[in-house]
Each structure stands twice: as C-alpha cells, then as structure tokens.
Amino acid sequence: MRATSVRESRPIEALIRPFQEFASGQASSGILLLVITILALVWANSPWAESYFALWHAPVAVSIGGFSFSKDLLHWINDGLMTVFFFVVGLEIKREMLVGELSSLKQAALPIVAAVGGMVAPALLYAMVAGSQTDGAARGWGVPMATDIAFSLGVLALLGSRAPISLKVFLTAFAIADDLGAVMVIALFYTEQILPSALLASALFLGLAILANVLGVRSPIVYGILGFFLWVAVLKSGIHATVAGVAMALTIPASARMDRLRFLERGRGLLDRFEEAGPDQGDIATNSEQQAVLHTLEESCEQVKTPLQRLEHALHPWVSFLVMPIFALANAGVAVGETGVGSLGQPVSVGILLGLLIGKPVGVTLFAWLAVRSGIAALPPDLTMRHIHAAGWLGGIGFTMALFIAGLAFGTSPLLGTAKMAILTASVVAGVIGFVLVKHATGVRGSEGARERGSD
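Calculation criteria
Residues numbered from 1 in each chain as written. Predicted model: local features only at pLDDT ≥ 70, side-chain atom pairs only at ≥ 80, totals over all residues. Heavy atoms only, no water. Helix = DSSP H or I, 4+ residues; strand = E, 2+ residues; numbered from the N terminus. Buried < 20%, exposed > 50% of the residue type's maximum accessible area, 1.4 Å probe, protein only. Areas by Shrake-Rupley, 256 points an atom, 1.4 Å probe, with all protein chains shown as cover. Phe/Tyr/Trp six-rings, centres within 6.5 Å; stacked < 30°, edge-to-face > 60°. Core = buried A, V, L, I, M, F, W, Y, C linked by side-chain atoms within 4.5 Å. Contact = heavy atoms within 4.5 Å. Expected span 1.5 Å × (residues − 1). Patch = residues over 30% accessible without salt bridge, like charges linked within 9 Å, V, L, I, M, F, W, Y side chains within 5 Å. Salt bridge = Lys/Arg side-chain N within 4 Å of Asp/Glu carboxyl O. Axes fitted to C-alpha atoms, helices over the stretch in contact; angles between N-to-C directions. Parallel < 35°, antiparallel > 145°, perpendicular 65-115°, else oblique. Left-handed = near helix turned anticlockwise from the far one by under 90°. Nonpolar A, V, L, I, M, F, W, Y, C, P; charged D, E, K, R; others polar.

### Details of the overall build of the chain
Reasoning step 1: Helix and strand counts for the chain come out as 19 helices and 2 strands.
Reasoning step 2: Residues counted as buried form 46% of the 456 residues belonging to the chain.
Reasoning step 3: Carbon and sulfur atoms make up 67% of the accessible area of the chain, which amounts to about 22,700 Å² in all.

### Comments concerning the packing of aromatic side chains
Reasoning step 1: Per the stated rule, a full pass over the model turns up 14 aromatic pairs.
Reasoning step 2: Here the aromatic rings of Phe327 and Phe404 are separated by 6.2 Å at their centres, their planes lie at 45°, and the arrangement is tilted. With Phe327 in helix H14 (residues 307-331) and Phe404 in helix H18 (residues 399-410), this residue pair connects regions lying 77 residues apart in the sequence. Taken as a pair, Phe327 and Phe404 share a single burial class, namely buried.
Reasoning step 3: Among the aromatic residues, those joined into a ring-pair cluster are Trp76, Phe205, Phe228, Phe229 and Trp231.

### What to know about the nonpolar core
Reasoning step 1: Counting residues in each nonpolar core, the largest one holds 117 residues, and the members touching the most others are Phe85, Phe86, Ile352 and Phe410.
Reasoning step 2: The element contributing the most residues to this core is helix H8 (residues 165-189), with 12 residues.
Reasoning step 3: Filtering out sequence-adjacent residues up to four positions away, Phe85 remains in contact with Val319, Val323, Met324 and Met401.

### What about H18?
Reasoning step 1: The terminal C-alpha atoms of H18 lie 16 Å apart, and with 12 residues this matches the ideal 16 Å at 1.5 Å per residue to within 8%.
Reasoning step 2: Here H18 lies mainly inside the structure; 11 of its 12 residues are buried.
Reasoning step 3: Within the span of H18, buried status applies to Phe399, Thr400, Met401, Ala402, Leu403, Phe404, Ile405, Ala406, Leu408, Ala409 and Phe410.

### Some thoughts on a nonpolar patch on the surface
Reasoning step 1: Together, Val60, Val62, Ile64, Ile221, Ile225, Phe228 and Phe229 line one region of the surface with nonpolar side chains, adding up to about 630 Å² of accessible area.
Reasoning step 2: At the level of elements, strand E1 (59-64) and helix H10 (220-237) are the ones that each hand at least two residues to the nonpolar patch.
Reasoning step 3: Its place among the elements puts Phe229 in helix H10.

### A look at the environment of Ser28
Reasoning step 1: Looking at the secondary structure, you find Ser28 in helix H3 (residues 28-44).
Reasoning step 2: For the pair Ser28 and Gly154, spaced 126 residues apart in the sequence, the C-alpha separation amounts to 7.0 Å.

### Regarding the pattern of salt bridges
Oppositely charged side chains can form a pair if their charged atoms are brought close together.
Reasoning step 1: Applying the stated rule across the entire model yields 4 salt bridges.
Reasoning step 2: The salt bridge involving Glu96 is made with Arg95; its shortest N-O contact spans 3.0 Å.
Reasoning step 3: Of the residues examined, Glu96 reaches a relative accessible area of 8% and is grouped as buried.
Reasoning step 4: The exposure class of Arg95 is partly exposed, given its relative accessible area of 27%.

### Quick notes on the packing of helix H5 (residues 73-99) against H8
Reasoning step 1: Where H5 contacts H8, the axes come no closer than 10 Å and their chain directions differ by 125°. Our classification of the angle between H5 and H8 gives oblique. Classified by chirality, the crossing of H8 by H5 is left-handed. In this structure, H5 contributes Phe86, Val89, Glu92, Ile93 and Glu96 to the contact, and H8 contributes Ile176, Asp179, Leu180, Val183 and Ile186.
Reasoning step 2: Counted by class, the contact of H5 with H8 contains 7 nonpolar, no polar and 3 charged residues.

### Overview of unusual backbone geometry
Reasoning step 1: Phi at Phe399 is positive, roughly 30°, even though this residue is not glycine.
Reasoning step 2: Tracing the backbone shows Phe399 in helix H18.

### Examining helix H11 (residues 242-249)
Reasoning step 1: With respect to burial, H11 is a largely interior element, 7 of its 8 residues being buried.
Reasoning step 2: Among all positions of H11, only Thr242, Val243, Ala244, Gly245, Val246, Met248 and Ala249 are buried.
Reasoning step 3: Those residues of H11 that are buried lie in contact with H5, H8, helix H9 (196-214), H10 and H18.

Keep in mind these values describe shape, not function.
What follows is the structure, given as structure tokens:
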C-alpha cells in the first residue's frame, strides 16, 4: 500500500514519462534535429528573417581580468559549443577502439574501409566538378565527405526491428570512423595559420591531461579545467578549436577503480548492512546508518564505471538535445529567396550533390565489396551487399558535419548559402532513399531466408 501511495503522490512522473520515453529512443535526436531544421528554414524565410540573421551575428564578449574574447554568437556556437559535441565524438571513438567494433583489425576492417571509400569518392567527385573554380569553391571538397551520425541512425531506428542489429552496428562504426576522418580533415586542411607559442601551450595542456591519466586521476573536474585551457590554446593556435574536444577525449581514463568481482562483493555486503540497519517500514531519511550505506554504495557504483563511460553517459543527452539542436538552428537557416533553387546548378552545389548522393553510396559499397572479396574483411552473416549499399545512402546524410565543414570552407562567402542549400537537399534525398533501400533489403533477405527454410 505504501508503494502505491508513493506512486499516486507523484503525478509529475506520469506527466514526464512520455518525454523520458521519447528521449530514450534512438530516433529522438534525429526527429528533434529535423524539427529544428524546419524551424530555422521557416524563420530565415519569414517576415522576421532579419532577426534570425541578426541574432547569430550579435557580438558576445567574455573577459577574465585582462584576458578577453569577443566573437559573434554563431562563432561561440561553432567554436565553443560544438567542442562539446566533438568531445563526445572523441569519447565514442576511444570506446569503439578499446572495446567496440573498432577494437580489432578484423572487426574494424569493414566499417573503416567503407568509411574511407565514403570519404574518398565524394571528395574526388567534388574536385572534378568544382576543383578548378577560382571563386573559392574548390575549398569545399571536404563538405560531402561527412556523415551525420544522429540523422543516419535516426532514420535506421525508424525501421525498428526490421533493420538487422548488425546493420546498426556497422552504420555506427562506419559513422564513427567517418567522424574521425572528418576531424583529421578539419585539423590538417582547414587551418589557416599556426601560432607556434599557442600550439606549444596546447601540447603542454594535452601532456598534463595525459600525465593525469597515467597518475590515476579520475576526477572529471581536473580534466574539465585542463580541457578548458587546452581549448583556449588551440583556439589561439589557429587550429580549429573543436579539435581540442577530440584530443581531450582521448586522454580520459578508460579503466575503473573497482573490478566486477570486488563490486559484487562490496555491493552484497552493503545491502546486507542496509537491511540490518532499520525496520522495513522505517524512514530512510532519518536513519543515519542507512544513509551512510547508501552513500558508500553510490561511491562504489561510480568506481565500477570508467570516467570515459560516466562522461559519455552524462554528456550524450546534452549533446543530442541541446548542442546539436542549437547548432542546427544557427546554421541550417538559408534564405531561399536570396540563394534560390537555381543555385543547385552551381559548381559548389553540383559537387556536394554528386558527392553525397553518388560518391557516398558508390564509395561505401565499392570499398566494402573490395574488402570482402580480398579477404580483408568479412560480411556479417545476416547482411548482404544490399544492406551495405543502403547504409551508404544513409551515409549521404551529411547535415551537421557537412554544415560545419562548409562553414570552415566558405566562411562569410555567398557560397556558404549555396552549399547549405545543397547539403539540406542531398540529406533529405539520401535519407528517403536509404530508408526505402534498407526496408527493401531486409524484406528481400527475409524472403530469401523463408525460401531456403522451405526448401530444407
């Protein structure tokens, strides 16, 4: 009866449960991004369009003593807030390399080779179309290389159980490898000028973070402070500041203070102490012994999880439901009347469209097929090349990463609006075609399996 009365006394739980269920779904962040993108487009083409562009170009200054930063709001989002996004990407990359699909050469071969094909082919197609342009269009070769992991996995999640688990695993590993490639491209090719003193300071703070890891420091506060100074140094060095997020993520400890057996032993002992410390119907809040046990149990739960796991788990919802939506709102708004649908015929647009809609699926499929045929990689038992081809189309959803690289490539040039129009168009087309192809490939696979079982 007591448990029932507690539930009844908390009507807020019934109110927030639908939102919790939405947030826990794989497709949720993709759906939110889609809604925010539509909002940005509507706002940028509404009678209030001037307020949209004025908001993101409003200057924002941060001063600490004699040290001062002054950038417009858009730069704070792209250089600052997106560093958190890249930090989480770095955590995912490290996790996958240690215990995930990228942890062994045999496991990693298929998604990595496919990701290489999905980067090389789009870049080559773009270069063939726009590489000889003298208006700055040639700088956009990195734009169609990118894959938006949230949107691509969101589209796949809409199929539910009809999409094979191994396809979700492949697409996740492929997208993470693609993200790693995008980070390398940003660091190597979209850096204008290097300031040696700031670069040296970056190396110093990164070295201190590595030393903290080696010494066994597990406090997120220590890594947060070092990460902030690393970000400032990288920002001043000329390398794009978001690279600091990935670099810092790779220094986060991936080992726990307490192993599984010790946790089980301590946990059982603490639960026994908790049970002995008070009556069944007693008030926990006034029982000091039970409170002490709960505190120790909470510490044990923290110690059995690695700092990498804790940070990724804590930051992922913020990135999915705050950082990326804000980025989309600030970057996806294109004044269609100014840019015009006719801009899709310009070299920049054609290069991006060909890269994302032809280069991605062809590059992913061809490189994956060559890897399997050569024996470098093996195709999972429940997948066919139809699935890989469909995943290649989902890889053509560039969106977040493509918009980000476009901003680096074109800056304030009018080409940026043209590139955004092409990215949004290609992402929608790639998402729809990828969804249909995955659904068809799964249906074909199921019918083939049924025929095989029938023949047996």
